[in-house]
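Chain by chain, the residues:
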Amino acid sequence: MGGVFVNVLKAHQWVYEHSRGMVGHRVLFGNPTLLLRTVGRKTGVDRTSALTYGRDGDDYLVTASNGGSPRPPGWLANAKAEPLCEIQVGTNRITVTARATYPDDPNYERRWRIVDEVNQGRYTEYQKQTKRPIAVVVLTPAR
């Protein structure tokens with residue numbers, strides 16, 4: 001089942017990117033999806049990840065769940081190494097600063113509820129599958 005889901009995610013991301021955002025914003029389970037563009041911390045190669053997001057005022061929130069894997073997704077380490085990233089929401093490209101937050105952050109629980117609700121409770125299920133605290137990454141548009 002996991003392999004099929006990974007292939008669906010890859011196909012969704014491909015359509016999103018190759019339609020220049022015209023298709024893909026709300027395809028996957030009806031969830032709003034953005035493209036996060038980071039630079040590989042080791043390779044220097046541009047990386048793109050399709051991620052479900054929530055909104056917190058002007059900020060975009062994404063979750064580094066990696067499907068409940070014991071390891072966080074590679075994009076998280078890339079965003080920590082170089083916080084200035086780009087997101088694409090539909091056809092809009094936005095420069096953002098990424099900041100990972102964890103349960104010790106006073107706003108974490110509120111942000112977690114926002115993204116978990118958008119993803120119909122899947123992040124809570126993912127958190128049960130791993131001992132690592134799953135980061136909620138705040139993507140703040142550059143001013």
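Residues numbered from 1 in each chain as written. Predicted model: local features only at pLDDT ≥ 70, side-chain atom pairs only at ≥ 80, totals over all residues. Heavy atoms only, no water.

Moving on, we get to the overall build of the protein. Counting its secondary structure elements, the protein contains four helices and seven strands. The N-to-C order of helical and strand elements in the protein reads α-β-β-β-β-α-β-β-α-α-β. A fraction of 60% describes how many contacts in the protein between residues 6 or more apart in sequence connect residues 24 or more apart. Accessible surface, the protein: about 8,000 Å² in total, of which carbon and sulfur atoms supply 54%. (Helix = DSSP H or I, 4+ residues; strand = E, 2+ residues; numbered from the N terminus. Contact = heavy atoms within 4.5 Å. Areas by Shrake-Rupley, 256 points an atom, 1.4 Å probe, with all protein chains shown as cover.)

Here the protein averages 85 in pLDDT, while 79% of its residues score no lower than 70. Contacts for the low-pLDDT stretch residues 1–6, under 50 throughout, to residues beyond four places or in other chains number one contact. (pLDDT = per-residue confidence, 0-100.)

Another point: helix H2 (residues 74–81). If you check which residues of H2 are buried, you get Trp75, Leu76, Asn78 and Ala79. Buried residues along H2 cover an arc of 165 degrees about the axis, so they all sit on one side. (Buried < 20%, exposed > 50% of the residue type's maximum accessible area, 1.4 Å probe, protein only. Arc of directions from axis to C-beta.)

This part covers the pairing of strand S5 (residues 84–89). Relative to S5, strand S1 (residues 33–39) runs antiparallel, the two sharing three bridges. Counterpart to Leu35 in the pairing with S5 is Gln88. Bridging between S5 and strand S6 (residues 92–101) involves six bridges; their strand directions are antiparallel. Note on S6: the bridge partner recorded for Cys85 is Val96. (Pairing = 2+ DSSP bridges.)

Attention now goes to the sheet that holds strand S2 (residues 46–52). Pairing within the open sheet is antiparallel, and its seven strands lie in the order S2-S1-S5-S6-S7-S4-S3. With partners counted over all chains shown, the strands left at the sheet margins are S2 and strand S3 (54–56), one partner each. Within this sheet the neighbouring strands show an average axis-to-axis angle of 35 degrees, counted without direction. Helix H3 (residues 108–118) contacts S2, S3, strand S4 (59–63), S6 and strand S7 (136–141) of the sheet and is inclined by roughly 145 degrees relative to S3. (Axes fitted to C-alpha atoms, helices over the stretch in contact; angles between N-to-C directions.)

Below, the discussion takes up the pairing of S2. Relative to S2, S1 runs antiparallel, the two being bridged by seven bridges. Residue pairing in the sheet places Arg37 in a bridge with Thr48 of S2.

In this section: the environment of Tyr53. If you trace the backbone, Tyr53 turns up in the loop between S2 and S3. Counting along the chain gives 85 residues from Tyr53 to Val138, while the straight-line C-alpha distance between them is 9.9 Å.

At Asn66, a position not held by glycine, the phi torsion is positive, near 50 degrees. Note on placement: Asn66 falls in the loop between S4 and H2. Phi at Gln120 takes a positive value of approximately 50 degrees, unusual for a residue other than glycine. For Gln120, the position within the fold is in the loop between H3 and helix H4 (122–129).

Moving on, we get to the pattern of salt bridges. Scanning the entire structure with this criterion turns up seven salt bridges. Notably, a salt bridge pairs Glu86 with Arg93, separated by 2.9 Å at the nearest N-O pair. Classification of Glu86 as partly exposed rests on a relative accessible area of 23%. Note on Arg93: relative accessible area 53%, which makes it exposed. By sharing partners, the salt bridges in this structure join Asp56, Arg99, Asp105, Arg110 and Arg111 into a single network. (Salt bridge = Lys/Arg side-chain N within 4 Å of Asp/Glu carboxyl O.)

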